Amino acid sequence: IPLLQPGDGVESHLADIRDAAADAGRDPDDIGVHGWVAAVPGETDDLIDRAEAWADLGADYLAVNTMDVGLESPEAHIEHCERVADALGDAGLL
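Notes on the structure follow.

## Points about the pairing of strand β2 (residues 61-65)
Direction of pairing for strand β1 (residues 34-38) relative to β2: parallel, over a ladder of five bridges. Bridge pairing links H34 to Y61 in β2. With helix α2 (residues 44-56) bridging β1 and the parallel β2, this β-α-β connection has right-handed handedness.

Here you go:
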């Protein structure tokens, strides 16, 4: 799970991992990529852009983090996750 975001240098790290896999005789496509995004309320367009960037990098999985974004209850996190899932689905990313 890279702790960087697309555009922050993660591309070169993923290239290094793929090169190392090939050097070790492994198929680089067999190594999954698990991206992540922070789901800040009110920033749906940015979330979609970052999710699309991970998809463009070949991410197999995408973690959506709702911690430390101003949600004050478990219910608020659940409701926000539902909105995020709807937005990602509408964008064709699910």
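Here the narrative resumes, following the displayed structure.
## Some words on the nonpolar core
Formed by 13 residues in total, the largest nonpolar core has its most connected members in V10, L14, L47, W54, L57, V84 and L88. For this core, the elements supplying multiple residues, two or more each, are α1 (10-23), α2 and α3 (74-90). The greatest single-element share of this core, amounting to four residues, is contributed by α2.

## Side note on the side chain of T66
One can find T66 in the loop between β2 and α3. Among the residues examined, T66 registers a relative accessible area of 9% and is labelled buried. Within polar-contact distance, the side chain of T66 engages the side chain of H77 at 2.7 Å. Apart from residues lying up to four places away in sequence, T66 is in contact with A39, L71, H77, H80 and C81.

## Quick look at α3
Taking 1.5 Å of rise per residue, the 17 residues of α3 would be expected to cover 24 Å, and the 24 Å separating its terminal C-alpha atoms lies within 8% of that figure. Every buried residue of α3 is accounted for by A76, H77, H80, V84, A87 and L88. Down the axis of α3, the buried side of the element spans an arc of 105°, and every buried residue falls inside it. Facing away from the buried side of α3 by over 90 degrees, the exposed positions are P74, D86 and D90.

## Brief notes about the side chain of Q5
One can find Q5 in the segment before α1. Under the relative-accessibility criterion, Q5 is labelled buried at 12%.

## Quick word on the pattern of salt bridges
The tally for this structure, following the rule as stated, stands at one salt bridge. Salt-bridge contacts for D46 lead to R50; the nearest nitrogen and oxygen are separated by 2.9 Å. Taken together, the residues D46 and R50, both in helix α2 and four residues apart, mark about one turn of the helix.

The rules behind the values
Residues numbered from 1 in each chain as written. Predicted model: local features only at pLDDT ≥ 70, side-chain atom pairs only at ≥ 80, totals over all residues. Heavy atoms only, no water. Pairing = 2+ DSSP bridges. Helix = DSSP H or I, 4+ residues; strand = E, 2+ residues; numbered from the N terminus. Right-handed = clockwise from strand over helix to strand, strands pointing away. Core = buried A, V, L, I, M, F, W, Y, C linked by side-chain atoms within 4.5 Å. Buried < 20%, exposed > 50% of the residue type's maximum accessible area, 1.4 Å probe, protein only. Polar contact = N/O pair within 3.5 Å; in protein donor to acceptor, adjacent residues only side chain to side chain. Contact = heavy atoms within 4.5 Å. Expected span 1.5 Å × (residues − 1). Arc of directions from axis to C-beta. Salt bridge = Lys/Arg side-chain N within 4 Å of Asp/Glu carboxyl O.

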